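# A structural walkthrough
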Amino acid sequence: MKRLAGTALVAAALLALPLATQSDFVLTILVFAFLQGMLAVSFNLVFGYAGQLSMFHAAAFGIAAYATHLFGKHLGVGYWGGVVLAAALVAAISVVVGAICFRFRLREFYFAVVTLAFSEMARLTVLNWNSMTNGSLGINLQERPIDGTLAWYYVALGALAITLVVCWRLVHSWMGRAFVAIRLNDELGDTLGINVFRYKLVAFTAGSIMAAFAGSLYAYFLGSLEPGLLSIDTSLGIIAMVLLGGRRAVAAPVLGALVLTALPHLIHFSAEIRSLVYGAILIFSILVMPQGIYGAAAQLIRRHA
Amino acid sequence: MLEVRGLTKRFGGLTAVAELSFSIVQGEIIGIFGPNGSGKTTLLNLVAGLARPTSGVILWQGTNIAGWQAHQIATAGLVKTFQNPQLFPELTALEHLLIAGHLALKRRLGWQRLATLFRHAQASQTLAHRAREVLALCRLDAAREARAAELSYGEEKMLGVAMGLMCEPQLLLLDEPASGLGAEEIANLERVLRDLKREGMTLCVIDHKVGFLRQLADRAISLHHGAKIAEGTPEEVLRNPSVVSAYLGRAHAAI
């Protein structure tokens, strides 16, 4: 009950926030943070709950961004049609990639490396398929499916909320328990009748589909497509958000996304020093708060309660 | 209900299980004994799908399940516990049982269980209720909220049995449930297994010595070098000369 009240309070505050600030700057940062948050929360379903360190998440995000544009342009289905088709495409690709990795029982480091290789394949395809993707120059998106920062704010907030609800329901169901079993001891899960292959694949594909929606929105808010969306930097950024926010609560990665999206804008140094300071803050916080901001806060509250 | 015919498992040049045949009848407790290295654990792993047989047939209710995957065999109603307790670190005893309730939910609801992802209150209540029953049956009520790392060795092993029961098996395979336990814990285990027998559960228990199963088992099989050397009541098996010689020098351990 207390948790429900807390959630309602945060939701109300976020809904009312644009009334308090007219600043386009603040809203823009929040839109980016919400969309990155979607990406981090969905990644955490695969990583924090099912225990699979997928490096394919950035690829799902970037493929969907490109596919939304290309489907919209070449099939004439419009932006939202493109979003749905892109998610379907990403789902199909994820099932294939996941099936290969899980059929060969790739675990931990091996799974990360092979999914990274698939991710690089996708990035190189985007980079070199000039006629479709305009290569390294990327594409400027002229279309404005959602107009104005305020509208974007509510769309991004809504998308994040849906992602959180879906992940919350999954994690707190029998399927979430199967995910946890796989992360903690998959051999035992197997003898208890859990189809390890199936639920790894479900977690991986569900996470990728949510990343796809995030990618379709993100690119159009940004207004451009470029191969960097699919790069290892994006993957590492997602991991950093999850580690910083926390892995053991569905919404915790959003905290990491907020901090890491806002931080570069709050540090007023020259570009070189800024990356150094940014990196140092990240390393320091992960060393001091191994359970992330969420874990540290929860511990603090428990100590004082 | 289970019939094993000509089951063989070789690891390279080593034959762990050799041309083994036996059957298990519904409602009985069958004990499988043999010195260390006689192929008992390998046998259970073959039956439970954790290892693939080199040759032979494992008929479970008329279907050959040799080579099936472990989760398929568990779904078919044949569940195994581990000699060295396998647990989910960080989780409490109750959470272990909720995870192990997966199969019961799968059997009861089939694909309809997908609907419970969106309204799961009732399904999870039934599950939690069953988990409490199983904890009580296994004398684990006190450990309900304890995390895996906080359990004693005896409790860890008993939690393995409890997880097996949550799967609602028709045949429960227990891999040395008594090894490493103190006298009191063994007495406790014996009580739990008796309760299970009374409820009509079929049990296959392996151990390296006859020990506590002497009173409990309806039938015993003795293995040596992966082959069956004796079968009968526990007393008959113990008197069998080849069993005695298999344990020679360790005769006391056997009895």
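Quick look at the structure, then.

Each value, and the rule that gives it
Every chain begins its residue count from 1, and numbering advances along the sequence as written. Chains and ligands are labelled sequentially in the order written, the chains with letters from A and the ligands with numbers from 1. Thresholds applied to this predicted model are a pLDDT of at least 70 for local features of residues and 80 or more for the giving and counting of side-chain atom pairs; totals over whole chains, interfaces and linings are not thresholded and use all residues. The basis for every side-chain value is the complete set of non-hydrogen atoms in the structure, without hydrogens or water. By definition, two strands form a pair when at least two bridges between them are found by DSSP. Strands are runs of DSSP state E lasting at least 2 residues, helices are runs of H or I lasting at least 4, and numbering of each runs from the N terminus. Between N-to-C directions, angles span 0 to 180 degrees; the directions come from axes that are lines fitted to C-alpha atoms, helices contributing only their stretch in contact. Here is the rule for angles: anything less than 35 degrees is roughly parallel, anything more than 145 is roughly antiparallel, 65 through 115 is roughly perpendicular, and the remaining ranges are oblique. Two residues qualify as a contact provided that any one of their heavy atoms is within 4.5 Å of a heavy atom in the partner residue. Basically, the charged four are Asp, Glu, Lys and Arg, the nonpolar ten are Ala, Val, Leu, Ile, Met, Phe, Trp, Tyr, Cys and Pro, and anything else, Gly included, counts as polar. Among buried residues, the Ala, Val, Leu, Ile, Met, Phe, Trp, Tyr and Cys ones that are joined through side-chain atoms within 4.5 Å form a nonpolar core. Relative accessibility thresholds used throughout: buried, under 20% of the residue-type maximum; exposed, over 50%; partly exposed, between the two (1.4 Å probe, protein chains only). The rule for a salt bridge is simple: a side-chain nitrogen of Lys or Arg has to be within 4 Å of a carboxyl oxygen of Asp or Glu. By convention, the term buried area covers the 1.4 Å-probe accessible surface removed from two parts as they join, with the contributions of both added. As used in this structure description, the phrase polar contact means that two N or O atoms lie within 3.5 Å; if the pair is within protein, one of them must be able to donate a hydrogen and the other to accept it, and residues adjacent in sequence are counted only when both atoms belong to side chains. What makes a patch is a set of residues exposed beyond 30% relative accessible area and free of salt bridges, joined within 9 Å when like-charged and within 5 Å when nonpolar (Val, Leu, Ile, Met, Phe, Trp, Tyr). Under the convention used here, a 1.4 Å probe and the Shrake-Rupley method define accessible areas, while residue burial counts only the protein chains that appear.

### Let's talk about the pairing of strand S2 (residues 14-24) of chain B
All names here are of chain B. Of the strand pairs in this sheet, strand S1 (residues 2-11) and S2 are connected by 7 bridges, and their pairing is antiparallel. In the sheet register, Leu-7 faces S2, and the bridge partner there is Leu-20. Adjacent in sequence and paired antiparallel, S1 and S2 are bridged by 2 residues, among which Gly-12 carries a positive phi angle near 60°.

### Quick look at the packing of helix H10 (residues 232-245) of chain A against helix H13 (residues 292-304) of chain A
All names here are of chain A. Where H10 contacts H13, the two axes come as close as 3 Å, and the packing angle between them is 0°. Relative to H13, the element H10 lies roughly parallel. Every residue of H13 that contacts H10 at Leu-243, Leu-244 and Gly-245 is listed here: Gly-292, Ile-293 and Tyr-294. Residues belonging to the contact of H10 with H13 are distributed by class as follows: 4 nonpolar, 2 polar and no charged.

### Details of the nonpolar core
Ranked by size, the top nonpolar core spans 152 residues in total, and within it Phe88(B), Leu97(B), Leu165(B) and Leu203(B) carry the most contacts. The next biggest cluster of nonpolar side chains, apart from the first, holds 26 residues, and it includes Ile32(B), Leu43(B), Val47(B) and Trp60(B).

### Remarks on the pattern of salt bridges
Residue and element names in this part refer to chain B. What the rule picks out here adds up to 17 salt bridges over all chains. Ionic pairing is found between Asp-175 and Lys-80, a salt bridge with its closest N-O pair at 4.0 Å. Remark: Lys-80 occurs in strand S6 (residues 78-80) and Asp-175 occurs in strand S7 (residues 171-175); sequence separation between them is 95 residues. For Asp-195, the salt bridge goes to Arg-139, with nearest N and O atoms at 2.9 Å. You can see Asp-195 sitting in helix H7 (residues 183-198) and its partner Arg-139 sitting in the loop between helix H5 (121-137) and helix H6 (153-166), a full 56 residues away along the chain. For Arg-139, a relative accessible area of 37% translates into the label partly exposed. In this structure, a network of salt bridges that share partners links the residues Glu-28, Arg-219, Lys-228 and Glu-231.

### As for the interface of chain B and chain A
By a frequent convention, interface size equals the accessible area lost on bringing the separate parts together. Facing the 33 residues of chain B at the interface are 27 residues of chain A. Buried surface at the junction of chain B and chain A, both sides included, amounts to about 2,600 Å², of which 63% is carbon and sulfur. When residues of chain B are sorted by the area they lose upon contact with chain A, His71(B), His102(B) and Leu117(B) head the list and together hold 24% of the total. Where chain B meets chain A, there are 0 salt bridges. Seen at the junction of chain B and chain A, the total is 9 residue pairs in polar contact (both at pLDDT 80 or more). Of all the elements in the fold, those that place two or more residues in the side of chain B that touches chain A are helix H2 (70-75), S6, helix H3 (93-100) and helix H4 (102-109) of chain B.

### Concerning the environment of Pro18(A)
Residue and element names in this part refer to chain A. Along the chain, the position of Pro-18 falls in helix H1 (residues 2-20). Put simply, Pro-18 and Thr-261 are 243 residues apart on the chain and 18 Å apart in space, counted from C-alpha to C-alpha. Those residues in contact with Pro-18 that sit more than four places away from it in its chain are Leu-27, Leu-150, Tyr-153 and Tyr-154.

### Focus on a nonpolar patch on the surface
All names here are of chain A. Together, Leu-255, Leu-258, Val-259 and Tyr-294 make up a nonpolar patch on the protein surface, roughly 270 Å² of accessible area in all. Looking at the nonpolar patch element by element, the count peaks at 3 residues for helix H11 (residues 252-266). Within the element layout of this structure, Leu-255 appears in helix H11. According to the relative accessible area criterion, Leu-255 is partly exposed, its value standing at 33%.

### Focus: the sheet that holds strand S10 (residues 227-232) of chain B
All names here are of chain B. What the 6 strands build is an open sheet, ordered S6-S7-S8-S3-S9-S10; its pairing is mixed. Because the sheet does not close on itself, it has two edges, and the strands there are S6 and S10. If you compare each strand with its neighbour and ignore which way they point, the axes differ by 20° on average. Summarising the sheet, strand S9 (residues 219-224) and S10 pair through 5 bridges and their orientation is antiparallel. When the sheet's bridge partners are listed, Ile-221 is paired in S10 with Glu-231.

### Considering the side chain of Thr261(A)
Residue and element names in this part refer to chain A. Along the chain, the position of Thr-261 falls in helix H11. Note on Thr-261: relative accessible area 13%, which makes it buried. A distance of 2.5 Å separates the side chain of Thr-261 from the backbone oxygen of Ala-257, its partner in a polar contact. Those residues in contact with Thr-261, other than ones at most four positions away along the chain, are Ile-29, Phe-32, Ala-33 and Gln-36.

By themselves these figures say nothing about function.
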